[in-house]
Amino acid sequence: RQVIAARGFLRYTMVTTLLFGGISAYVSNVAYLINDLYGKPELFSWIFAAVGLVMALGAFTNGSMSKKLGARKCIKWLVISYFIISLLLLATNLLNRPIPNLYSFFIGIALLLGLNLAIEPNSSALAMANTGKNAGVASAVYGTSFFFAGATVGTLIGYFLSLDILAFSIGFSVIGTLVLYIVIQDKQL
């Protein structure tokens, strides 16, 4: 009960949950996007590897950024960047209907997922920061929440993707908007 009542815990668990929704939407739909929608199955492994490399760079870069700025300042700037890139991806998708350029689309997705892996460790640390003797319970609630609810968010994005690729860009923009709103509510920023 004490864990769930903690605002910081809830705030940053929601951030990680939403971001996991984006990552799960990508992982569960990337083959469909590349192979079926774009009709470029020969590029699948190259695109998947390139996006994975950007994600690894995001996680690696976060370590040095967090040391210099601290988790709160770091997450603030990373979330602002995520929000801006998600809107640029949406604008690109809207301007290039019905299907955006393969490379610009996946560059946008790669940047968002790289930021995702830079944001998540900070979000996790901030969620768990004041759990103290309840850390075990907090960790269980955190993991279950972000995995179950995040996978549900990813499933919703994937469902609407079957109707139009625009759903993917809209999904990431909604995630970026909600995450930014949640983070800026932190009075300690």
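For the structure, see preceding data.
What comes next concerns the included structure. These numbers were taken from a predicted model, which means no experiment stands behind them.

Of regular secondary structure, the protein possesses seven helices and zero strands. N-terminal to C-terminal, the α/β element order of the protein is α-α-α-α-α-α-α. Considered along the principal axes of its C-alpha atoms, the protein spans approximately 55 × 35 × 25 Å. Sorting the 189 residues of the protein into buried and exposed places 42% on the buried side. Considering only intrachain contacts with a sequence separation of at least 6, the fraction spanning at least 24 residues in the protein is 80%. Total accessible area on the protein is roughly 9800 Å²; 69% of this is exposed by carbon and sulfur atoms.

This part is about helix H5 (residues 102-128). Relative to the 39 Å expected for 27 residues at 1.5 Å per residue, H5 spans 39 Å between its end C-alpha atoms, a close match to the ideal helical length. For H5, the side-chain oxygen to backbone nitrogen distance between the N-cap and Tyr 103 is 2.8 Å, and the N-cap itself is Asn 101.

The next point concerns the pattern of salt bridges. Tallying each qualifying case throughout the model produces two salt bridges. A salt bridge links Asp 164 to Arg 97; the shortest N-O distance between them is 2.7 Å. With Asp 164 in the loop between helix H6 (135-161) and helix H7 (166-184) and Arg 97 in the loop between helix H4 (71-95) and H5, the pair connects residues that are 67 residues apart, well separated along the chain. The class for Arg 97 is partly exposed, based on a relative accessible area of 41%.

The rules behind each value
Residues numbered from 1 in each chain as written. Predicted model: local features only at pLDDT ≥ 70, side-chain atom pairs only at ≥ 80, totals over all residues. Heavy atoms only, no water. Helix = DSSP H or I, 4+ residues; strand = E, 2+ residues; numbered from the N terminus. Buried < 20%, exposed > 50% of the residue type's maximum accessible area, 1.4 Å probe, protein only. Contact = heavy atoms within 4.5 Å. Areas by Shrake-Rupley, 256 points an atom, 1.4 Å probe, with all protein chains shown as cover. Expected span 1.5 Å × (residues − 1). Polar contact = N/O pair within 3.5 Å; in protein donor to acceptor, adjacent residues only side chain to side chain. Salt bridge = Lys/Arg side-chain N within 4 Å of Asp/Glu carboxyl O.

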